[in-house]
Amino acid sequence: MSTIEQITEHILIMHASHDTDRPILAAITGERKTLLIDAGNSPAHAALFRQELQRLGVRLPDLLILTHWHWDHTFGMSEWDLPTIAQAKTAHSLSKLMGLNWSDEVMEQLCTEKIINASTMAHIKKEYGMNRDLIRIVDPDILFDESITIDLGGVTCQVNLVGGDHSEDSCYVYVKEDQTLFLGDALGPSVYGGPRSYTASRFLRVLKQAYQSEAILFVESHGRPLDRAAFQRELRDWEQLALLTEQYGQNREQIVSAMCTFLQVSELPHEFSEALEWFMVGAAYQ
Ligand SMILES: [Zn+2]
């Protein structure tokens, strides 16, 4: 199956690949301009998407928007060399990584400082091999705080800072005419700065913002595009887990029991027992 897919009239995506944690990249094409959502995790990832756009005769990107600063969304920037729009905190986080050589020693130090984690280090090693000198961090050009609207000619992209556990600079990109919402990784747990964690209130707020949009298609960076019904089905159980964490705090047993009742199972499936631990970390922080 091709990894390239036209998902709506104006949107073409290259699917995520979990091998080296490559997220979805998207090209939104209006009458005047094409907007690229996220740069890719490496120059090779970026070049692959550009080749596919060229092959399909799609107008190449004129502008780049970043959903958040994490390496897998930004390390392809140097290959695109495009005017780049980013939330101010995204730019700030990237500036702190500038000039590093990404040797094993430097990455281990970044892990110790909890700026990245062991899984990121493994993925970077796998994506780049010995060619980590190819990693060149680039400053974004246009910064915003809360929101920005990008007019591509007949296609409007509304970008909003939503934050959340995963990364405080996380933004949603809503393509209005195509009723498609790009969520980045905003619904994910925090992955840096300590053990993985979810804060029930933050998760519920970010999820509510997704539901409040008029989107009929939802695109998470490391998932598959889902229509509204499928998205709600997929998120329903996670929402319940967050609600139970709000209700019972750190009372793990009560949450497990109520969640099993909700799911109509006798034992909590692995994905939820794992996520419950992340919620417990979040509850302990509060
Ligand atoms: Zn991320």
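Rules used throughout
Residues numbered from 1 in each chain as written. Predicted model: local features only at pLDDT ≥ 70, side-chain atom pairs only at ≥ 80, totals over all residues. Heavy atoms only, no water. Helix = DSSP H or I, 4+ residues; strand = E, 2+ residues; numbered from the N terminus. Rg over C-alpha atoms; globule rule 2.2 N^0.38 Å. Buried < 20%, exposed > 50% of the residue type's maximum accessible area, 1.4 Å probe, protein only. Contact = heavy atoms within 4.5 Å. Areas by Shrake-Rupley, 256 points an atom, 1.4 Å probe, with all protein chains shown as cover. Lys, Arg positive; Asp, Glu negative; His and termini not counted. Charge placed at Lys NZ, Arg CZ, Asp CG, Glu CD. Donors = N, O, S within 2.8 Å, 3.2 Å for Na, K, Ca; no water. Tetrahedral: all angles 85-135°; square planar, octahedral: opposite > 155°, others 65-115°. Axes fitted to C-alpha atoms, helices over the stretch in contact; angles between N-to-C directions. Left-handed = near helix turned anticlockwise from the far one by under 90°. Nonpolar A, V, L, I, M, F, W, Y, C, P; charged D, E, K, R; others polar. Salt bridge = Lys/Arg side-chain N within 4 Å of Asp/Glu carboxyl O. Polar contact = N/O pair within 3.5 Å; in protein donor to acceptor, adjacent residues only side chain to side chain. Pairing = 2+ DSSP bridges. UniProt positions renumbered as here; feature names shortened; annotations may be inferred.

**Digging into the overall build of the protein chain**
Counting secondary structure elements, the protein chain contains ten helices and 13 strands. Over its C-alpha atoms the protein chain spans a radius of gyration of 19 Å, differing by no more than 12% from the 19 Å that the globule rule assigns to 286 residues. Principal axes of the C-alpha set define a box for the protein chain whose edges measure 55 × 45 × 40 Å. Of all 286 residues assigned to the protein chain, the portion counted as buried reaches 55%. Across the protein chain, the fraction of contacts at a sequence separation of at least 24, relative to all contacts at a separation of at least 6, is 61%. For the protein chain, the exposed area adds up to about 13100 Å²; of that, 48% sits on carbon and sulfur atoms. Averaging the coordinates of the 23 positive side-chain charges in the protein chain and doing the same for the 40 negative ones gives two points 1 Å apart.

**Some words on the coordination of the zinc ion**
Protein coordination at the zinc ion comes from His68 (NE2), His70 (ND1), His166 (NE2) and Asp185 (OD), with a distance range of 2.1 to 2.3 Å. Geometry at the zinc ion is irregular, judged from the four donor atoms that bind it and their angles of 87 to 178° at the metal. Positions of the donor residues of the zinc ion, expressed as sequence spacing, correspond to H-x1-H-x95-H-x18-D. Note that His68 is positioned in the loop between β5 (63-65) and α2 (71-74) and His166 in the loop between β9 (156-161) and β10 (171-175), a separation of 98 residues in sequence. Judged by relative accessible area, His68 falls into the buried class, the value being 0%. In this structure His166 comes out as buried when scored by relative accessible area, which is 11%.

**Some remarks on the packing of helix α8 (residues 228-248) against helix α9 (residues 252-263)**
At a closest axis distance of 10 Å, the pairing of α8 and α9 adopts a crossing angle of 145°. Crossing hand, α8 versus α9: right-handed. For the pair α8 and α9, the contacting residues are Arg236, Asp237, Gln240, Leu241, Leu244, Thr245 and Tyr248 in the first and Gln254, Ile255, Ala258, Met259, Phe262 and Leu263 in the second. Among the residues forming the contact of α8 with α9, the class breakdown is eight nonpolar, three polar and two charged.

**Some words on the side chain of Asp178**
Note on placement: Asp178 falls in the loop between β10 and β11 (180-184). One buried charge, Asp178, has no salt-bridge partner; the nearest side chain with opposite charge is Lys176, at 11 Å. Looking at Asp178, its side chain comes within polar contact range of the side chain of Thr8, at 2.4 Å. Dropping the residues within four chain positions of it, Asp178 is found in contact with Thr8, Glu9, His10, Ile11 and Ile216.

**Looking at the sheet that holds β9**
If you trace the six strands from one edge of the open sheet to the other, you get β8-β9-β10-β11-β12-β13, paired in mixed fashion. The strands lining the two open edges of the sheet, one partner per strand, are β8 (147-151) and β13 (226-227). Alignment of strand β12 (residues 217-220) against β13, held across two bridges, turns out to be antiparallel. Bridging across to β13, Leu217 finds its partner in Asp227.

**Regarding the UniProt feature "domain: Metallo-beta-lactamase" (unreviewed entry) in the protein chain**
UniProt marks residues 21-222 with the feature "domain: Metallo-beta-lactamase" (unreviewed entry), using the numbering shown here. The span residues 21-222 carries 32% helix and 22% strand; its end-to-end C-alpha distance comes to 8 Å.

**What about the pairing of strand β3 (residues 25-29)?**
β3 sits mainly inside the fold: four of its five residues count as buried. Bridge count for strand β2 (residues 11-14) against β3 is four bridges, and the pairing is antiparallel. Across the sheet, the residue bridging to Leu12 is Ala27, located in β3.

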